[in-house]
Amino acid sequence: MTSRNHQLFEESQHYIPGGVNSPVRAFKSVGGEPVFFQRGEGAYFWDADGKQYIDYVGSWGPLILGHAHPEVVRAVQSTAQNGLTFGAPTASELEIAKLICQLVPSIEQVRLVSSGTEAGMSAIRLARGYTGRSKIIKFEGCYHGHDDSLLVKAGSGALTFGNPSSAGVPAETAGHTIVLDYNDVNGLEEAFNRWGKEIAAVIVEPVAGNMNLIAPKPEFLGGLRNLCTQNNSVLIFDEVMTGFRVGLGCAQALYQIKPDMTILGKVIGGGMPMAAFGGRRDIMQCLAPLGPVYQAGTLSGNPVAVAAGLATLKQVQQPDFYEVLSEKTRQLVEGLSASAKSHGIDFSAQSIGGMFGIYFSKQSPTSFSEVMQCDKDAFNRFFHAMLDEGIYFAPSAFEAGFVSIVHSDSDIEKTLMTSNKIFKNW
Ligand code: KE4
């Protein structure tokens, strides 16, 4: 009997490109057909055929409280009853803006938007408007949303300008973007020696999560901060993924680096479409309606998304929230590593707060090139074996994974028992 999942995928491909509304969902990297889901609760969700999975993707990061957390659902329901959107300011936008500024002191002012992409593109435009410069630096393997300036891959050499990594991006646009190697301080210094006073901004994931998880080397973020300061370039931390995921003060508190601007998303929306960009007041004051840099959005800061975000941020401020979350995530990765190694499999894993990376390689990679040397086929085999057992990891060897505060010890134990069974028969 054809599964409901297969039927849905077959028909969806007729009406939606690739049958999905975001490419990474399509399972192209791991092979097979994407799973359609119909319900989520806590650490679990159920597919169109009613099969239950333990979820280690959490909608790519937002669901730090798990699916359908009662407090978040209650906030959404009660807010929606009073109207979904007004296209006008509300008290709740002030409340979440104050909370974000309080929790992330480098953010003196913040503007709410509806996606991480919107936050990234707006931050880049604002940095260019503030500095009057056009060039930006990003790092290969980092993803900041699908704005033209950021869909750029490394040029032929370390110090050439980027080439489009997508059709439809004019070479002239990509040409303003310099793409360097993550964690390569020397490359950074060379770029600034050559282009320093022409660089509007550097945008970086303080912990990279879009080429699997890559931790910053101690000298990398500090080097970035110093070079941006010396050249009056704007340092933008893309904390869409790391924001309130690796700690209450985000990655910037964890590594004690103060960026000039920060972009946030995922967790701050609690599963609803919400993101934000913010930073130094003198920069933010360049934004319309005060200044010459235009940015806008019909549903920016809408009450329902803000309610979900406020309910989520209230929960993450509970005492020991991140200690508990980090310990759960650490147990997962340490258990997976021990299990693989006990069966002689080249495997490593690491976690930072509630996010983790697993790699089929002896050591955890520290750069994009090292990630590319990991055994992708082995990951895909592991992914499908775990999926068959009702355990859902990110459908790509190049994505980070996420644990929620409601993943129980028995969920972690079941995951480790299952992985051990798979590694035993590897
Ligand atoms: P969105 O436009 O997808 O809300 O955010 C873009 C973005 C910006 N910055 C970082 C660090 C991000 O991780 C993202 C989005 N992450 C991807 C996967 N890691 C979302 C999943 C998808 O594209 O469907």
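The residue numbers shown here count from 1 along each chain, following its written sequence. Residues qualify for local features only when their pLDDT is at least 70, as the model is predicted, and side-chain atom pairs are given and counted only at 80 or more; totals for whole chains, interfaces and linings, by contrast, use all residues. To get the side-chain values, take all heavy atoms of the structure and skip hydrogens and water.

1. Thoughts on the site of the ligand
- The near set for a molecule or strand comprises every residue that places at least one heavy atom within 4 Å of it. Near the ligand lie 16 residues; those nearest to it are Ser 22, Thr 117, Asn 210, Asp 238 and Glu 399.
- The term polar contact refers here to a pair of N or O atoms within 3.5 Å; inside protein, the definition further demands a hydrogen-donor-capable atom paired with an acceptor-capable atom, and it admits residues adjacent in sequence only when both atoms are side-chain atoms. Between the ligand and Thr 117, the relevant distance is 2.7 Å, taken from an oxygen atom to a side-chain nitrogen or oxygen of the residue.
- In this structure, Asp 238 approaches the ligand through a side-chain N or O atom, which is 2.8 Å from a nitrogen atom.
- Per the annotation, domain bounds derive from an automatic or database assignment of domains. Domain assignment of the residues forming the shell around the ligand places at least three in each of domain 1 (4–68 + 319–424) and domain 2 (70–316).

2. Quick word on empty space enclosed by the protein
- For cavity detection a 1 Å grid was placed over the protein atoms alone, and a set of points counts as a cavity when a 1.4 Å probe fits there but cannot get out; an open set counts as a pocket when protein lies on both sides within 12 Å along at least five of seven lines, with lining residues being those that have an atom within 4 Å of a point. Grid points are joined across faces, edges and corners, and a volume is the space filled by probe spheres set on the points. In total, this model carries 3 cavities of 30 Å³ or more according to the counting rule given.
- When its volume is computed, the largest cavity comes out at roughly 80 Å³.
- Together, Asn 212, Ile 358, Tyr 359, Phe 360, Val 371, Cys 374, Asp 375, Lys 376, Phe 379, Ala 397 and Phe 398 line the largest cavity.
- At the level of secondary structure, the elements contributing two or more residues to the lining of the largest cavity comprise strand 14 (355–359) and helix 13 (376–388).
- Note on residue classes: Ala, Val, Leu, Ile, Met, Phe, Trp, Tyr, Cys and Pro are nonpolar, Asp, Glu, Lys and Arg are charged, and everything else, Gly too, is polar. Tallied by class, residues from the lining of the largest cavity come to 8 nonpolar, 1 polar and 2 charged.
- Approximately 50 Å³ is the volume found for the second largest cavity.
- The wall of the second largest cavity is formed by Asn 212, Phe 356, Gly 357, Ile 358, Phe 379, Phe 393, Ala 394, Ser 396, Glu 399, Ala 400 and Gly 401.
- A run of H or I in DSSP becomes a helix once it reaches four residues, and a run of E becomes a strand once it reaches two; helices and strands are each numbered from the N terminus. Among the elements that line the lining of the second largest cavity, the one with the most residues is strand 14, at 3 residues.
- The residue makeup of the lining of the second largest cavity, split by class, is 6 nonpolar, 4 polar and 1 charged.

3. A short note on the nonpolar core
- Counting 66 residues, the largest nonpolar core has Tyr 56, Phe 244, Phe 347, Ile 358, Phe 382 and Phe 393 as its most contacted members.
- Here the element with the most residues in this core is helix 10 (residues 303–316); it accounts for 8 residues.
- Each of domain 1 (4–68 + 319–424) and domain 2 (70–316) contributes no fewer than three residues to this core.
- Apart from the residues lying within four places of it in its own chain, the contact partners of Phe 382 are Leu 336, Ile 358, Phe 360, Phe 393, Ser 419, Ile 422, Phe 423 and Trp 426.
- Membership of the second largest hydrophobic core comes to 26 residues, among which are Val 185, Trp 195, Leu 221 and Leu 227. Take the buried Ala, Val, Leu, Ile, Met, Phe, Trp, Tyr and Cys residues and link them wherever side-chain atoms come within 4.5 Å; each set so joined is a nonpolar core. Here the term buried applies to any residue with accessible area under 20% of the maximum for its type, exposed to any over 50%, and partly exposed to those in between, with areas from a 1.4 Å probe on protein chains only. For this analysis, residues touch if any pair of their heavy atoms sits within 4.5 Å.

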